[in-house]
Amino acid sequence: MKHLLVATTASLLLAACAGGGLATTESSLQHHRWALASVNGEPVEAGIGSELAIGEHMAISGLAGCNRFFGSAKLEQGRLRADPLASTKMACLSDSIQRVETAVLATLTQGAEVRHEGRQLTLTGGDYVLGYRLADED
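Predicted, not measured: the structure shown is a model, and the values here were computed from it.

### Some points on the nonpolar core
With 31 residues, the main nonpolar core has L52, V104, L123 and Y132 as its most contacted residues. Those elements giving two or more residues to this core turn out to be β1 (32-39), β3 (51-54), β5 (68-76), β6 (79-87), α3 (95-110), β7 (112-117), β8 (120-124) and β9 (129-134). The element that contributes the greatest number of residues to this core is α3, accounting for six residues. For L52, the residues in contact, after removing those within four places along its chain, are H32, R33, W34, I60, S61, F69, L121, L123 and Y132.

Structure, rendered in structure tokens:
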């Protein structure tokens, strides 16, 4: 029995290592604020200030680029999707802000694969890869 337990534990550890670590859970995402650092690997201008907050029961809110958004998200099979998602409707003042806005809102509403490693959160959607950094202390 002891050997079976050791073999099972070793198998689980190897599977976790091969898969890139443990799966992201709702509890690891909740009660944090994330600052958008990059879109498709390109740094986001510091003045844009796009952020994502994930609260209790996966309530989300933040700033996409020039508009605030809020709604409810679900994490299912490693994918985060906001449905429904509402936002304000202000016109963005620059093309760079509009590009960030479009990437954030599209990724959240269409759904994205989640990768959470320490202070980094990556959302990989169909058209965009959003790189966030933990901003709880900012």
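### As for the pairing of β6
In this structure, β5 lies alongside β6, joined through seven bridges in antiparallel fashion. In the strand pairing of β6, E76 is matched with R79. Counting the residues that bridge the hairpin from β5 to β6 gives two residues, and of these Q77 lies at a positive phi of roughly 50 degrees. Summarising the sheet, β6 and β7 pair through two bridges and their orientation is antiparallel. When the sheet's bridge partners are listed, R79 is paired in β7 with E113.

### Topic: the pattern of salt bridges
Across all of its chains, the model carries three salt bridges by this definition. The partner of E51 in a salt bridge is R33, and the shortest N-O contact between them spans 3.0 Å. In this pair, E51 sits in strand β3 while R33 sits in strand β1, placing the two residues 18 residues apart along the sequence. Residue R81 is joined to D83 by a salt bridge in which the shortest nitrogen-to-oxygen separation is 3.8 Å. Take R81: its relative accessible area is 42%, and that puts it in the partly exposed class. Here D83 falls in the partly exposed class, since its relative accessible area comes to 46%.

What counts, and at which threshold
Every chain is numbered on its own, with residues counted from 1 as its sequence reads. pLDDT decides what is reported in this predicted model: residues at 70 or higher carry local features, side-chain atom pairs at 80 or more are listed and counted, and totals for whole chains, interfaces and linings draw on all residues regardless. Hydrogens and water molecules were not included; the side-chain quantities draw on all heavy atoms of the structure. Think of a nonpolar core as a cluster: buried Ala, Val, Leu, Ile, Met, Phe, Trp, Tyr and Cys residues, connected wherever their side-chain atoms sit within 4.5 Å. Each residue's exposure class comes from its accessible area (1.4 Å probe, protein chains only) as a fraction of the maximum for that residue type: buried when under 20%, exposed when over 50%, partly exposed otherwise. Only runs of H or I of at least four residues qualify as helices and only runs of E of at least two qualify as strands under DSSP, and these elements are numbered from the N terminus. A contact between two residues is defined here by any heavy atoms of the two lying within 4.5 Å. Between any two strands, pairing holds if DSSP finds at least two bridges. A pairing counts as a salt bridge when a side-chain nitrogen of Lys or Arg comes within 4 Å of a carboxyl oxygen of Asp or Glu.

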